[in-house]
Amino acid sequence: AMAADTTTKLTNLSNAQLKDIITKDVLEKSFLATGQVTRAVYDEGATFTDEIDTYTLDKWIVGTQKLFVGDKSRVSLVGDIDVDEKRVEFRFDEDLMF
């Protein structure tokens, strides 16, 4: 098991600020292929859900980094990122190298 992350959490962000951070994670870090998220905006109890399963934050990061070749993969947004008090949701297009 991974040790709990000790990153200082960013709290009290506006929806617009959170949307900006997630947008950068998607477009600049390709986090869906690299697992490189701005962890400071995620609760350690956060989950990631895809069409197959729901994953804890640590399992999702480790699994994503092992599964994909991040610098050979491409991720882009389809439409906008929706942010509210309970969730961040968006659609994306990707070309992934395993």
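1. Topic: the side chain of serine 73
When you line up the elements, serine 73 lands in the loop between helix 3 (57-67) and strand 3 (74-83). Within the local environment of serine 73, its side chain forms a polar contact with the backbone oxygen of valine 69, the two atoms lying 2.8 Å apart. Every residue in contact with serine 73, bar those within four places of it in the chain, is listed here: Ala33, Phe68, Asp95, Leu96 and Met97.

2. As for the pairing of strand 4 (residues 88-95)
Summarising the sheet, strand 3 and strand 4 pair through seven bridges and their orientation is antiparallel. Bridge pairing links serine 76 to aspartate 93 in strand 4. Taking the residues that link successive antiparallel strands as the turn, the strand 3-strand 4 hairpin has four residues.

3. What about the nonpolar core?
In this structure, Ile22, Phe31, Tyr42, Trp60 and Phe90 are the most contacted members of the largest nonpolar core, which totals 20 residues. Of all the secondary structure elements, the ones that give two or more residues to this core are helix 1 (15-27), helix 2 (31-34), helix 3 and strand 3. The element contributing the most residues to this core is helix 1, with four residues. Among all residues touching phenylalanine 31, those that are not within four sequence positions of it are Asp25, Val26, Gln36, Val37, Tyr42, Phe48, Trp60, Thr64 and Phe90.

4. Side note on the packing of aromatic side chains
The tally for this structure, following the rule as stated, stands at six aromatic pairs. Between phenylalanine 48 and tryptophan 60 the ring centres are 4.4 Å apart and the planes differ by 10°, which places this aromatic pair in the stacked class. With a gap of twelve residues between them, phenylalanine 48 in strand 1 (residues 47-49) and tryptophan 60 in helix 3 connect regions that are remote in the sequence. Ring centres of phenylalanine 90 and phenylalanine 92 lie 6.1 Å apart, and the angle between their planes is 55°; on these two criteria the pair is classed as tilted. We classify phenylalanine 92 as partly exposed; its relative accessible area is 36%. Every member of this aromatic cluster is reached through a ring pair, and the members are Phe31, Tyr42, Phe48, Trp60, Phe90 and Phe92.

Rules behind the numbers
- Residues numbered from 1 in each chain as written.
- Predicted model: local features only at pLDDT ≥ 70, side-chain atom pairs only at ≥ 80, totals over all residues.
- Heavy atoms only, no water.
- Helix = DSSP H or I, 4+ residues; strand = E, 2+ residues; numbered from the N terminus.
- Polar contact = N/O pair within 3.5 Å; in protein donor to acceptor, adjacent residues only side chain to side chain.
- Contact = heavy atoms within 4.5 Å.
- Pairing = 2+ DSSP bridges.
- Core = buried A, V, L, I, M, F, W, Y, C linked by side-chain atoms within 4.5 Å.
- Buried < 20%, exposed > 50% of the residue type's maximum accessible area, 1.4 Å probe, protein only.
- Phe/Tyr/Trp six-rings, centres within 6.5 Å; stacked < 30°, edge-to-face > 60°.

Note that all results are geometric; they support no functional claim without further evidence.
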